[in-house]
2 protein chains.
Amino acid sequence: MRSVSIIGAGLTTFGEHWEKSFRELIAEAGIQAIQDAGVSGGQIEAIYGGAMASGRFIGQEHIGALIADQLGLNPIPSVRLEAACASGGVALRNAYLAVASGMYDIVAVGGVEKMTEVSTEDAGFALGGAGDQETELFMGATFPALYALLARAHMEEFGTTEEQMAAVAVKNHKNAVNNPFAQYRREITIEDVMKSGYVASPLKLLDCSPITDGAAAVIIASSDVAKKVCENPVEILASEQASDSLALSKRKSLTELDATKVAVKQAYERTGLKAKDIDFAEVHDCFTINEILATEDLGFFKKGEGGKAVEKGKTALGGEIPVNTSGGLKAKGHPVGATGVAQAIEAYWQLRGAADKRQVKDAEYGLTHNVGGSGATAVVNIYRRLEK
Amino acid sequence: MRSVSIIGAGLTTFGEHWEKSFRELIAEAGIQAIQDAGVSGGQIEAIYGGAMASGRFIGQEHIGALIADQLGLNPIPSVRLEAACASGGVALRNAYLAVASGMYDIVAVGGVEKMTEVSTEDAGFALGGAGDQETELFMGATFPALYALLARAHMEEFGTTEEQMAAVAVKNHKNAVNNPFAQYRREITIEDVMKSGYVASPLKLLDCSPITDGAAAVIIASSDVAKKVCENPVEILASEQASDSLALSKRKSLTELDATKVAVKQAYERTGLKAKDIDFAEVHDCFTINEILATEDLGFFKKGEGGKAVEKGKTALGGEIPVNTSGGLKAKGHPVGATGVAQAIEAYWQLRGAADKRQVKDAEYGLTHNVGGSGATAVVNIYRRLEK
């Protein structure tokens, strides 16, 4: 397999885009990414798109072809990948494999979701499709209720507190202030989170990532090509993915996501790195509890210590291991199909020293962690600047 | 890139499976394929699933993880690919790339759709998502109406007749009689087709493929591994894909599908083969006109000659180039996400000499052709028995 690098990125602002359609969002991000890479459209050989539930959100399938069409890139092959909220992550991973195989030299990856075209109720139903509808949503468990079960289990087993979960939201909102692409660029306090209404106890409104419209795109290339066309490519050292049962009821444990653990173990093995070598991480904080689970499952902290770690500032910018410098899903926003690609963009910017006020100093290795549903899919990537 | 071969296949019967769920169908096909390949579940390293509109048909996304879960194959990576009615074809192609890259040695590919859980109206809306909803379905053009436009253009330009289109249906029904997996195992006549009601003039009910439930699965492996574990592997010599504009209104021509032409050109270039070298083909006859377009665009007949060719029996079993020996989408059935994988299974069976009464004699090279929507995606594969 050949080495693969990111050579360009494009991102729309995340938020409620009443004035922009699905196709306008993906075109905006895609064109930016192509321009940023400094390649011509004609050099792009294939497209990998990620979208979770476009059929339910906008009544449109055939998203791969739509993206190629919007970018004027016909007749190159273009597909959509879906793995619920990890759709962007699996799109990037399969693009990576296609370049690594030698099939293509330069490929575009897009992630997109337009979630505000339907009612909150319909959006809730669509998002429930990330879990096991037959044993969960259809039986009355909303998607937030699934993570509430994980949160409750963690509280019971390790004494994690609602205030510790709130600290995740507070940190990520603080980071988002410095991210011009974020949905919520304002600080909140622990008290704000604690006073917000319960969505599914113990998770409150401000523990939850929002409904978001947005798109993200990156251009990737074989590292040989990347060195020729790009000033500062960022190499994807590993892209690993794992699965777990869709239904929470079939899991061995409710205080860890096995798919995360399997994927990161493979990523560490492939790179020869350890958790302590990672300088920053973008993790899947769809609900605050999931950032706590992730920082433990990725090996940054011992199991059960994630709540205390965020409370002590260990995951803040300038802390031991900065997590979600972008603002994370909580404050940057979570257009489900775009999230995995947007995480890669934050890593790309950080490793190029282009993250402005949220820059992690001397960052050498970055990690991204994208989860589908309540953990039935996890994708973990590790990146560094490409050595010339 | 490494050579890749099919080493096992599993197929459910196609039809209205009131007694079987989406997840039961995929489990049935998947387990059959694993048994047929003679490998253990533990040897499978990744899963690529194809499904078009599971969100609309069964309210479930996250299909990759669902398949891994149903087959007891966690924690291996599993993704869903979507390219409308070419979802199965793109799933197989990306699995092929993942093995060709050296990332995996043995991978499972599944295609599935459960279309009968919703009303015909809702199914029509879901299928409309294969075209450009904004400029087509939302403006009143149903999905059959799009192919009706292509049919009308072909009739105008080349004098193709409704009887010639009917001959496609008659041939495919005849082939399906000998396919125990087919939805409609009964012969029909030209008169039957001509007397059936118009769905979208000039296309009549018996010009249209049906609403179908079903699943198909294959196990693929690097050819080195295939030689060791399998008696008669079938090599995938090429798997090529192309895209075109989603909306018919943006196409240069309505009498050809450019994506088919681009994909097959690449497939012929990669293999050094020509159309005349192909011994049989499974093509995407979602509507009878599309088989006529396909036999021309794939190079079997000159543009405009496809209607006459089928009328003269050139595409019948025993003819010049047997097309859709399985019964095709028309008579075998068209569970949209499964179709591309089921086509590969027919090629696999034909090349192993296992097609029983529909066997093409001395078949050396087979071709499959899977189309998404009204032609915005096309996937063309070429196969032969793996030389030992």
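Residues numbered from 1 in each chain as written. Chains lettered and ligands numbered in written order. Predicted model: local features only at pLDDT ≥ 70, side-chain atom pairs only at ≥ 80, totals over all residues.

*Asks:* How would you summarise the overall build of chain A if you had to cite specific residues and measurements?
*Replies:* Counting secondary structure elements, chain A contains 14 helices and 11 strands. Relative to its length of 388 residues, chain A is compact, with a C-alpha radius of gyration of 19 Å against a globular reference of 21 Å. In terms of overall dimensions, chain A has a C-alpha envelope of 55 × 45 × 40 Å along the principal axes. In chain A, buried positions account for 68% of the 388 residues. (Helix = DSSP H or I, 4+ residues; strand = E, 2+ residues; numbered from the N terminus. Rg over C-alpha atoms; globule rule 2.2 N^0.38 Å. Buried ≥ 20, exposed ≤ 12 C-beta atoms within 10 Å, placed from the backbone.)

*Asks:* Give a description of the pairing of strand β1 (residues 4-11) of chain B that names residues and reports values.
*Replies:* Residue and element names in this part refer to chain B. Across the eight residues of β1, eight count as buried, placing the element largely inside the fold. By the bridge criterion, three bridges tie β1 to strand β8 (residues 234-243) in an arrangement that is antiparallel. Bridge assignment links Ile6 to a residue of β8, and that residue is Val234. (Pairing = 2+ DSSP bridges.)

*Asks:* I'd like to hear about the domain arrangement of chain A, residue by residue, with values.
*Replies:* All names here are of chain A. One can read the domain layout of chain A as domain 1 (4-119 + 212-234) and domain 2 (142-206 + 237-385). The C-alpha centroid of domain 2 is placed 23 Å from the C-alpha centroid of domain 1. Taken together, the elements giving at least two residues each to the side of domain 1 that touches domain 2 come down to β1 (4-11), α4 (87-100), β4 (106-113) and β7 (214-222). Among the elements that take part in the side of domain 1 that touches domain 2, α4 stands out by supplying eight residues, more than any other. Of the residues contributing to the side of domain 1 that touches domain 2, the split by class is 22 nonpolar, 11 polar and three charged. (Domains from an automatic or database assignment. Nonpolar A, V, L, I, M, F, W, Y, C, P; charged D, E, K, R; others polar.)

*Asks:* Lay out the relation of the copies chain B and chain A in plain terms, naming residues and giving numbers.
*Replies:* Each copy superposes on the other: chain B lies on chain A with an RMSD of 0.0 Å after a rotation of 180° and an axial shift of 0.0 Å. Put plainly, the chains are arranged around a two-fold axis. Relative to the rotation axis, the closest C-alpha in chain B is found at Ser101 of chain B, a distance of 1.7 Å. (Least-squares fit on C-alpha atoms with pLDDT ≥ 70 in both.)

*Asks:* Tell me about helix α1 (residues 22-37) of chain B, and please be specific about residues and values.
*Replies:* Residue and element names in this part refer to chain B. Between its first and last C-alpha atoms α1 spans 23 Å; for 16 residues at 1.5 Å apiece the expected length is 22 Å, and the two agree. Buried residues of α1: Phe22, Arg23, Leu25, Ile26, Ala27, Glu28, Ala29, Gly30, Ala33, Ile34, Asp36 and Ala37, and no others. Backbone geometry just after α1 places Gly38 at a positive phi near 70°. (Expected span 1.5 Å × (residues − 1).)

*Asks:* Would you mind going over the nonpolar core in detail, with residue names and values included?
*Replies:* Counting residues in each nonpolar core, the largest one holds 299 residues, and the members touching the most others are Val107, Val218 and Ile220 of chain A together with Val107, Val218 and Ile220 of chain B. Here this core takes 10 residues from helix α14 (residues 336-351) of chain A, the largest share from any one element. Ignoring any residue separated from it by four or fewer positions in sequence, one finds Val107 of chain A in contact with Ile44, Glu45, Ala46, Tyr48, Ala95, Ala98, Val99 and Ile220 of chain A. (Core = buried A, V, L, I, M, F, W, Y, C linked by C-beta atoms within 7 Å. Contact = placed C-beta atoms within 7 Å.)

*Asks:* Can you lay out the interface of chain B and chain A for me, pointing to particular residues and giving the numbers?
*Replies:* Each partner contributes to the interface: chain B provides 52 residues, whereas chain A provides 52 residues. Listing elements by their share of the side of chain B that touches chain A, those giving two or more residues are α2 (54-58), α3 (63-70), β3 (78-82), α4 (87-100), α5 (120-128), β8 and α10 (258-271) of chain B. The element that contributes the greatest number of residues to the side of chain B that touches chain A is α3 of chain B, accounting for six residues. Residues of the side of chain B that touches chain A, tallied by class, amount to 27 nonpolar, 18 polar and seven charged.

*Asks:* Account for helix α10 (residues 258-271) of chain A, with residues named and values stated.
*Replies:* Residue and element names in this part refer to chain A. Here α10 is 14 residues long and its end C-alpha atoms lie 20 Å apart, about the 20 Å a rise of 1.5 Å per residue gives. Those residues of α10 that are buried are in contact with β8 (234-243), α11 (288-297), β10 (365-372) and β11 (377-385). Directly beyond the C-terminal end of α10, a positive phi value near 75° is found at Gly272.

*Asks:* Residue-level account of the environment of Gln164 of chain B, with values.
*Replies:* All names here are of chain B. One can find Gln164 in helix α7 (residues 162-176). Judged by local crowding, Gln164 falls into the buried class, with 23 C-beta atoms found within 10 Å. Placed 26 residues apart in sequence, Gln164 and Ile190 show a C-alpha to C-alpha distance of 8.8 Å. Those residues in contact with Gln164 that sit more than four places away from it in its chain are Gly307, Lys308, Val310 and Glu311.

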